[in-house]
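Commentary on secondary and tertiary structure
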Amino acid sequence: MKNLVIFASGNGSNFDAIVIACQKCNIDARVLLLICDKKDAYVIKRAQKRGVPSLVILPKDFTSKEDYEKKIIEELAPYDIDLICLAGYMRIIGDTLLSRYEGKIINTHPSILPSFKGIKAIEQAMEYGVKMFGITIHFVDSSLDGGKIIDQRGIYYNGNDISYIKKRLLILEHRLYISSIKKLLTKL
Ligand code: GAR
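Residues numbered from 1 in each chain as written. Predicted model: local features only at pLDDT ≥ 70, side-chain atom pairs only at ≥ 80, totals over all residues. Heavy atoms only, no water.

Some remarks on the pattern of salt bridges
This structure, assessed with the given rule, holds 11 salt bridges. A salt bridge links Glu-66 to Lys-70; the shortest N-O distance between them is 3.3 Å. In this pair, Glu-66 and Lys-70 are both assigned in helix H3 (residues 65–76), 4 residues apart and thus about one turn of the helix distant. You can call Glu-66 partly exposed: its relative accessible area is 42%. The class of Lys-70 is partly exposed, set by a relative accessible area of 43%. Residues Lys-183 and Asp-151 are paired through a salt bridge, measuring 3.6 Å at the closest nitrogen-oxygen approach. Pair noted here: Lys-183 is in helix H6 (residues 162–187) and Asp-151 is in strand S7 (residues 149–156), with a separation of 32 residues, a long-range link. Residue class for Asp-151 comes out buried when judged on its relative accessible area of 16%. One connected set of salt bridges, linked through shared partners, spans Asp-16, Arg-46 and Arg-50. (Salt bridge = Lys/Arg side-chain N within 4 Å of Asp/Glu carboxyl O. Helix = DSSP H or I, 4+ residues; strand = E, 2+ residues; numbered from the N terminus. Buried < 20%, exposed > 50% of the residue type's maximum accessible area, 1.4 Å probe, protein only.)

Right, dumping it as structure tokens:
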């Protein structure tokens, strides 16, 4: 069985989807820990409900990104981690973490990358007038939503109901993230 750690900052629906997939043995792994950078994030409640330990590490308590990431590495040191899954973790990973967990950090983003990086990707796409919305799962590098693409899915939508397309994308995202994790873990 493989070991996952999830980093998240907010709602945590992807966190939940991954944990449930592990608990139902749909993914042959367990989620060892949630790392969260926001003390009031809803994902912390989800972790409690699912029986996953969580650790809140606030960047503002450190004088530099390097020190913040060193603290994360220190906390992760006892674990033998196969994959770190960013799930709505709204922070660029720095060289400190990247070099320690090279090739083991992946992310999900709600656009067909390399289009519409950063926050509010679905709003950006809608504003641009795109008709193909989508999800990308990718390896993480030190750039914003950059790194080699693992998988993508798209949905054709020629409308302007943002909440409708967000809901459809979220369902697609959960499925794609789970299938990507499964595939990656079998290659390890
Ligand atoms: C997800 O849609 C994820 O793709 C996005 O944040 C959302 C978090 O939802 N991430 C990014 O935009 C990263 N740039 P969740 O908290 O319900 O999983």
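A word on the site of the ligand
Residues in close proximity to the ligand include Asn-11, Gly-12, Ser-13, Asn-14, Gly-88, Met-90, Thr-108, His-109, Pro-110, Gly-118, Asp-145 and Glu-173, which together make up its full environment. Ser-13 places a side-chain nitrogen or oxygen 2.6 Å from an oxygen atom of the ligand. Note that a nitrogen atom of the ligand is positioned 3.0 Å from one of the side-chain N or O atoms of His-109. Starting from 450 Å² of accessible surface for the ligand in isolation, the protein chains cover 86%. When contributions to the shell around the ligand are tallied by element, the ones reaching two or more residues are helix H1 (13–23) and strand S5 (105–109). Its residues placed into classes, the shell around the ligand shows 2 nonpolar, 8 polar and 2 charged. (Near = heavy atom within 4 Å. Polar contact = N/O pair within 3.5 Å; in protein donor to acceptor, adjacent residues only side chain to side chain. Areas by Shrake-Rupley, 256 points an atom, 1.4 Å probe, with all protein chains shown as cover. Nonpolar A, V, L, I, M, F, W, Y, C, P; charged D, E, K, R; others polar.)

Let's talk about the sheet that holds strand S4 (residues 83–86)
Read across the open sheet, the 7 strands follow the order S3-S2-S1-S4-S5-S6-S7; overall the sheet is mixed. Each end of this open sheet is capped by a strand with a single partner; those strands are strand S3 (54–56) and S7. Averaged over all neighbouring strand pairs, the angle between strand axes comes to 20 degrees, with direction disregarded. Each of strand S1 (2–8), strand S2 (29–36), S4 and S5 touches H1; the most contacted strand, S2, lies at about 155 degrees to it. (Pairing = 2+ DSSP bridges. Axes fitted to C-alpha atoms, helices over the stretch in contact; angles between N-to-C directions. Contact = heavy atoms within 4.5 Å.)

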